[in-house]
Amino acid sequence: MSPSPPPVPPPDEMREIFRTMTLIRRFEERASEEYMAGRIGGFLHLAIGEEAAIVGTVSALRPDDPLTSTYREHGQALARGSDPRAIMAELLGRSTGICGGRGGSMHLMDVGRAFYGGYGIVGGAVPLALGLAWAARYREADQVSVTMFGEGAANQGVVSECFNMAGLWDLPIVFLILNNQYGMGTPVERAAAVEDFYPRAAAYDIESWKVDGMDVLAVRAALSEAARLAREERRPACVELLAYRYRGHSMSDPDTVRAAEEKERWKARDPLVTFERVLLGEGIMDADAIAAMQAEVDGVVDDATTFARESAEVPVAELADGVYAQPWNDDPRGSALVRP
Amino acid sequence: MSTEPKDTTYRDAINQALREEMLRDESVFLMGEDIGHFEGAFKVTKGLLAEFGEARVVDTPITEAGFTGLGIGAAMAGLRPVIEIMTVNFALVAMDQIVSNASKIHYMFGGQVSVPMVIRMPGGAGHQLSAQHSHSLDAMFAHVPGLKVAVPATPEDAKGLLKTAIRDDDPVIVLESEGLYGKKGPVGGEDHLIPFGQAVVRRPGRDCTIVAHSRMVWVALAAAEQLAAQGVEAEVIDPRTFRPLDLDTLAESVRRTSRAVVVDEGWPECGIAAGVAAHLYEACFDWLDAPIGRVNSADVPMPYAKNLEQAAIPQPDDVVRAVLATMAREVTR
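Small disclaimer: the values here were computed from a predicted structure and weren't measured.

Peer 1: Help me get a handle on the overall build of chain A, residues and values and all.
Peer 2: On a plain count of helices and strands, chain A comes out with eleven helices and eight strands. Relative to the 2.2 N^0.38 estimate, which gives 20 Å for 340 residues, the radius of gyration of chain A is 20 Å and therefore close to what a compact globule would have. A total of 340 residues make up chain A; the buried ones form 56% of that total. Roughly 13600 Å² of accessible area belongs to chain A as shown, and the carbon and sulfur atoms make up 51% of that amount. When the 34 positive and 51 negative side-chain charges of chain A are each reduced to one mean point, those points stand 2 Å apart.

Structure below.
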């Protein structure tokens, strides 16, 4: 099914959506530079090209709706309003990082903004989202749990397990399949028996449909409807977003597999460029206002980068802090070892 | 309750702990396969669906990874799920959730959320269930920082450790033993909690320390009886939890007896006995009069045939031999 046409957000919100998309784009570009300069380690997965999917989703939710994501999740945290300084500091592994330098790029969390984290095992966070939905229903609260994962994750068995339980128990959850058409370097047609993924959820009696993931307003409308089903009708929903990432799987992927022609085709549909056209066309922003917003966002990213670079490293003495919420005995490290 | 305390089985002790904690705290709920209408594969959850209803005693599909992960997510939101995995053998399909999520979330996200959940499951061999249904995987869980691991041997511990586990703010793996559900003994009352990280001396002795947990405590006690008949007084110590491990109590005993044997139903390689022995070597090297003995299940997949299975799992005679070996003695019978 297809939801009814969306109410277009008011101008203030349209501007805010565009600013957040721009912030994500610029933040990711800067993260890429910091990685190339050797200041960010490990894996770095950029969401450039997926800004509409992220911001369209988050803008349709209530701030207290628990959100979970994959390891490509800087944008989700930014869209939820997390401090760009704390995110960049986490990427640089500093004590001021949003997770104290323990998580890094793949494991951001801001529980105060109901962002319940980015997870590194493909498909592994989906049952956690089901549990967050379970908790909302258990407490008779009206939050909707929303979990974003890729079409690659949809091939993991545990995701089907979650579709089944959500359908069986009518849990207030929205499964958001961000189909960027590649699982690392493997295209959908070489990984999936059927190239549409939303029918898998439909097989478990979950209302599901597919929308253009490059169009922020279409994403927002779909997620509004999905969240409404979950919140008001207490039924799960599944939305598949067709999108494209403009960079390789991670910074260590030179992206030589995908055809240049294909990339160019999708870049012509750049979610920022197309949404900018809408804003200009509707007279919501003019070129000067856009330039001013971009400059403001660049300032935010500059400030976050400076803050991160200047932040202290995590003291090694704190290495073992926090393994347990409730450490035992008189050993704050919670270690089992007796040291002489 | 009109029954004598002595009459409580390990199974009923667990049931009491679940019931009391559910009455005490509305955020506690149970989830697992066939735990409600069927009342549990081992009848541990008997009567709980009738008392607490389907919202809090939840029968799941056969989907261990899914419902274990669901429990983790619910715990992140502040509920206190008690997940029953029918047997430890089926935990293997949920290991990603246990190891990559439950144990990591508090640390990896800088302490923003904890995972106050319990995953309880029975394990062990001895029922001719062959290779896929006879695992003792205690070492796998004890290997993982971020988990706590309790291994009750008696009804009292089964109740007291589970109550502590449910109130704990971290993910706790409670490993029960299929072979102990019918074991009877006294249990504590509603307020009797057994703290983690406190080993208990099951039988005092001066000649050799036997470290054993779960069902192996009873094997060790039977061995200690046989040894006593030969004039050897073994001290049997039950660690009760492996994370945390009460090394102080173990080491104190070994420094006194100068000899140690570790008994573990799991496999020998990189197992519980190996880990405990390493701790004891580090802590007690100068006191030891003999190499530390290990008694494990044979290093094979568990066979079906009764005689082979019995030969594969630790028996009192194996423990007797291992203890006498630390004294450079042979079995005299």
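Peer 1: How would you summarise the confidence of the model for chain A if you had to cite specific residues and measurements?
Peer 2: Confidence in the prediction of chain A, expressed as mean pLDDT, is 94, and 94% of residues score 70 or more. Confidence over residues 332–340 of chain A falls short of pLDDT 50; this stretch has 13 contacts with residues more than four positions distant or in other chains.

Peer 1: Go over the nonpolar core, please, and point to the residues and values.
Peer 2: By size, the foremost hydrophobic cluster in this structure holds 163 residues, and its most contacted members are A:Leu91, A:Trp134, A:Phe175, B:Met76, B:Phe141 and B:Leu280. For this core, the domains that each give at least three residues are domain 1 (7–185) and domain 2 (200–326) of chain B. Every residue in contact with B:Phe141, bar those within four places of it in the chain, is listed here: B:Val88, B:Ala91, B:Met95, B:Ile98, B:Met121, B:Leu147, B:Val149, B:Ile173, B:Leu175 and B:Arg243. Counting 27 residues, the second-largest nonpolar core is a separate cluster that includes B:Val28, B:Leu30, B:Val118 and B:Phe196.

Peer 1: I'd like a description of the sheet that holds strand E13 (residues 260–263) of chain B, backed by residues and values.
Peer 2: Residue and element names in this part refer to chain B. Strand order in the open sheet made by the five strands is E9-E11-E10-E13-E14, with mixed pairing throughout. Both edges of this open sheet fall to strand E9 (200–203) and strand E14 (293–295), since each of them pairs with a single strand only. Strand after strand, the sheet turns through a mean of 25° between neighbouring axes, direction not considered. Of the strands in this sheet, strand E10 (208–212), E13 and E14 touch helix H10 (residues 272–284), which is tilted by about 155° from E13.

Peer 1: Pulling in residues and values, what's your account of the environment of B:Trp218?
Peer 2: All names here are of chain B. Among the secondary structure elements, Trp-218 is positioned in helix H8 (residues 215–229). A relative accessible area of 28% places Trp-218 in the partly exposed class. On a C-alpha basis, the gap between Trp-218 and Ala-17 in space is 22 Å, while along the polypeptide they are 201 residues apart. In contact with Trp-218, other than residues within four places in its own chain, are Ala-153, Thr-154, Leu-180 and Lys-183. There is a polar contact of 2.9 Å between the side chain of Trp-218 and the backbone oxygen of Ala-153.

Peer 1: Just give me the short version of the packing of helix H3 (residues 64–76) of chain B against helix H4 (residues 95–102) of chain B, but keep the residues and values in it.
Peer 2: All names here are of chain B. Where H3 contacts H4, the two axes come as close as 8 Å, and the packing angle between them is 25°. Here H3 is positioned roughly parallel relative to H4, judged by the angle of their axes. For the pair H3 and H4, the sense of crossing is right-handed. The segment H3 lies against H4, with Ala-65, Thr-68, Gly-69 and Ile-72 engaging Gln-97, Ile-98, Asn-101 and Ala-102.

Peer 1: If you had to explain unusual backbone geometry to someone new, which residues and values would you point to?
Peer 2: Residue and element names in this part refer to chain B. The amide bond that connects Arg-243 to the next residue, Pro-244, takes the cis arrangement and shows omega of 0°. Located in the positive-phi region is Asp-34, a residue other than glycine, with phi close to 60°. Inspection of the secondary structure assignment puts Asp-34 in the loop between strand E2 (28–32) and helix H2 (48–52). Backbone geometry places Ser-214, a non-glycine residue, at a positive phi of 50°. Secondary-structure assignment places Ser-214 in the loop between E10 and H8.

Peer 1: So what's going on with the environment of B:Ser297? Which residues, and what values?
Peer 2: All names here are of chain B. With respect to the helices and strands, the residue Ser-297 is situated in the loop between E14 and helix H11 (306–312). With a relative accessible area of 4%, Ser-297 lands in the buried category. In sequence terms Ser-297 and Lys-163 are 134 residues apart; their C-alpha atoms lie 30 Å from each other. Each residue touching Ser-297, except ones within four places of it in the same chain, is listed here: Asp-264, Glu-265, Gly-266, Trp-267, Pro-268, Met-302, Ala-312, Ile-313 and Pro-314. Of the polar contacts made by the side chain of Ser-297, one reaches the backbone oxygen of Glu-265; its length is 2.7 Å.

Peer 1: Could you give an account of the domain arrangement of chain B, naming the residues involved and the relevant values?
Peer 2: Residue and element names in this part refer to chain B. Per the domain assignment, the segments making up chain B are domain 1 (7–185) and domain 2 (200–326). Around 2300 Å² of area is buried between domain 1 and domain 2 when both sides are counted, 58% of it from carbon and sulfur atoms. At the junction of domain 1 with domain 2, the criterion picks out two salt bridges. The interface formed by domain 1 and domain 2 contains 16 residue pairs in polar contact (both at pLDDT 80 or more). With four residues, the top contributor of residues to the side of domain 1 that touches domain 2 is helix H6 (residues 138–142). For the side of domain 1 that touches domain 2, the class distribution of residues is 17 nonpolar, twelve polar and four charged.

Rules used in this analysis
- Residues numbered from 1 in each chain as written.
- Chains lettered and ligands numbered in written order.
- Predicted model: local features only at pLDDT ≥ 70, side-chain atom pairs only at ≥ 80, totals over all residues.
- Heavy atoms only, no water.
- Helix = DSSP H or I, 4+ residues; strand = E, 2+ residues; numbered from the N terminus.
- Rg over C-alpha atoms; globule rule 2.2 N^0.38 Å.
- Buried < 20%, exposed > 50% of the residue type's maximum accessible area, 1.4 Å probe, protein only.
- Areas by Shrake-Rupley, 256 points an atom, 1.4 Å probe, with all protein chains shown as cover.
- Lys, Arg positive; Asp, Glu negative; His and termini not counted.
- Charge placed at Lys NZ, Arg CZ, Asp CG, Glu CD.
- pLDDT = per-residue confidence, 0-100.
- Contact = heavy atoms within 4.5 Å.
- Core = buried A, V, L, I, M, F, W, Y, C linked by side-chain atoms within 4.5 Å.
- Domains from an automatic or database assignment.
- Pairing = 2+ DSSP bridges.
- Axes fitted to C-alpha atoms, helices over the stretch in contact; angles between N-to-C directions.
- Polar contact = N/O pair within 3.5 Å; in protein donor to acceptor, adjacent residues only side chain to side chain.
- Parallel < 35°, antiparallel > 145°, perpendicular 65-115°, else oblique.
- Left-handed = near helix turned anticlockwise from the far one by under 90°.
- Buried area = accessible area lost by both parts, 1.4 Å probe.
- Salt bridge = Lys/Arg side-chain N within 4 Å of Asp/Glu carboxyl O.
- Nonpolar A, V, L, I, M, F, W, Y, C, P; charged D, E, K, R; others polar.

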